[in-house]
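Now for the letters of each chain:
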Amino acid sequence: MRNGEIGRRQFLGILGGALSVGAGVAAGVLTPPPARAVDGMRAYLGCYTSAGAGGRGIGVAAVDPATGGLAIEDTVDGVADPSFLALSPDGRYLYAVDESAGAGRATAICLDTDRPTVLNTVAVQGNGPTHLCVTPDGRWVLTANYDSGSVSVLAVAGDGRLGAVTDVAQHSGSGPDPERQEGPHAHQVLVDPSGRWVLAVDLGVDSVYVYRLTDGKLARHAQVAMTPGSGPRHLAFHPDGRRAYLANELNSTVTVCDWSPETGELRPGDSVAADPDAGGDRNYPSEPVISPDGRFLYLANRGHDNIATFTLLGVAPVLLTTTPCGGKFPRHLTLDPGARRLYAANQKSDSVTWFDLDPVTGIPGPSSGALQTPAATCVVFR
């Protein structure tokens, strides 16, 4: 075991203790979800296409129902730098941001045809978008524009096409890191589990913004300050809808936040190290993922090329172990729909790797497979 990690026997002790006192977890949360069949399932792979990265567009991979293995079967060409992808609620449409330098764009793709078909590409009125989401009603796509430090709202037509930008919320300010925080840098935008609020995570100004979205317009509700210089990147909500875990890119921590869906209040709490062995090195945590049963948090560490597994049964996350990601610079993590495997998009080794998860401890085993695909940035299942 490495520094800060615990073993299987210790974990089982924590699990038993947590269950005996409830650990603040809602009843039923600890019951694993039923496994979902993956016959006919596809994985859509984001990538970089510019600056010699080598990507052609969005990769389409078949998923082996027995092993979870991926095999490329098609590519959606003509989509520049699709670094992040999001599905519509009904799964019929896929949306991608174009993170190319200069004016950012978003693309709509229909998945109901024999082959994925590009519907249209529109400007988002922001520069360098790195993330996007679709509202639960499917009517709006929101993009987080890193270079310009803003959030854009785009209308979605009945046929899935993207319409005009209906609003742009501009962030302002700076942070103490002169190289990374000279101005605002919106890195993520998402809708909370209640569907009432939009949250935008801004690395440049060490803040999470909370908005109301009404008829395509964003109204700022709050700007929540985080630790100066922490560089918040992405957050993930717990299944109970009342906690969020924020990955901080610049100080290599995870911050636990209380969340009130009734009032839209985000309250930062304690932070823990994303990887205790990182020391003073820049570790660049990227994507936090929480298991559907609420027991585990997985976090990709790009500096140390590993995946940290935390148990969430106590008040604060407890590191169980770190697992080599099987590549370099894991930019994105995701679980398969049955939550039996974890997938890592390793940007600098041009690969997607996957890991079987121990059903008791939640810990990933060694990588059980890898798919070579250029400049991998994101994996989405349908």
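Data block above holds the structure.
To start, this report covers the structure provided alongside it. A quick note: this is a predicted structure, and the numbers were derived from the prediction, not measured.

1. Side note on the sheet that holds strand S26 (residues 351-356)
Right, on to step 1. Taken together, the four strands give an open sheet; going across it, the order is S24-S25-S26-S27, and neighbouring strands pair in antiparallel fashion. Bordering the open sheet on either side are strand S24 (330-335) and strand S27 (369-372), each of which pairs with just one other strand. Ignoring strand direction, the axes of neighbouring strands in this sheet form an average angle of 20°.
Right, on to step 2. Examined bridge by bridge, S26 and S27 share four bridges and lie antiparallel to one another. For Ser351, the partnering residue across the bridge sits in S27 and is Gln372.

2. A look at the pattern of salt bridges
Right, on to step 1. This model, assessed by the stated rule, comprises 18 salt bridges.
Right, on to step 2. Taking the shortest distance from any N to any O, the salt bridge between Arg42 and Glu73 comes out at 2.4 Å. Residue Arg42 is located in strand S1 (residues 42-47), and its partner Glu73 is located in strand S3 (residues 70-77); the two are separated by 31 residues in the primary sequence.
Right, on to step 3. On the basis of relative accessible area, Glu73 is assigned to the partly exposed category, the value being 44%.
Right, on to step 4. Residues Arg282 and Asp177 are paired through a salt bridge, measuring 2.7 Å at the closest nitrogen-oxygen approach. Here Arg282 is found in the loop between strand S19 (265-273) and strand S20 (285-290), whereas its partner Asp177 is found in the loop between strand S11 (162-170) and strand S12 (186-191), with 105 residues between them in sequence.
Right, on to step 5. By relative accessible area, Asp177 is classed as buried at 12%.

Cut-off values and rules
- Residues numbered from 1 in each chain as written.
- Predicted model: local features only at pLDDT ≥ 70, side-chain atom pairs only at ≥ 80, totals over all residues.
- Heavy atoms only, no water.
- Pairing = 2+ DSSP bridges.
- Helix = DSSP H or I, 4+ residues; strand = E, 2+ residues; numbered from the N terminus.
- Axes fitted to C-alpha atoms, helices over the stretch in contact; angles between N-to-C directions.
- Salt bridge = Lys/Arg side-chain N within 4 Å of Asp/Glu carboxyl O.
- Buried < 20%, exposed > 50% of the residue type's maximum accessible area, 1.4 Å probe, protein only.

Function-wise, these values are silent; they only describe arrangement.
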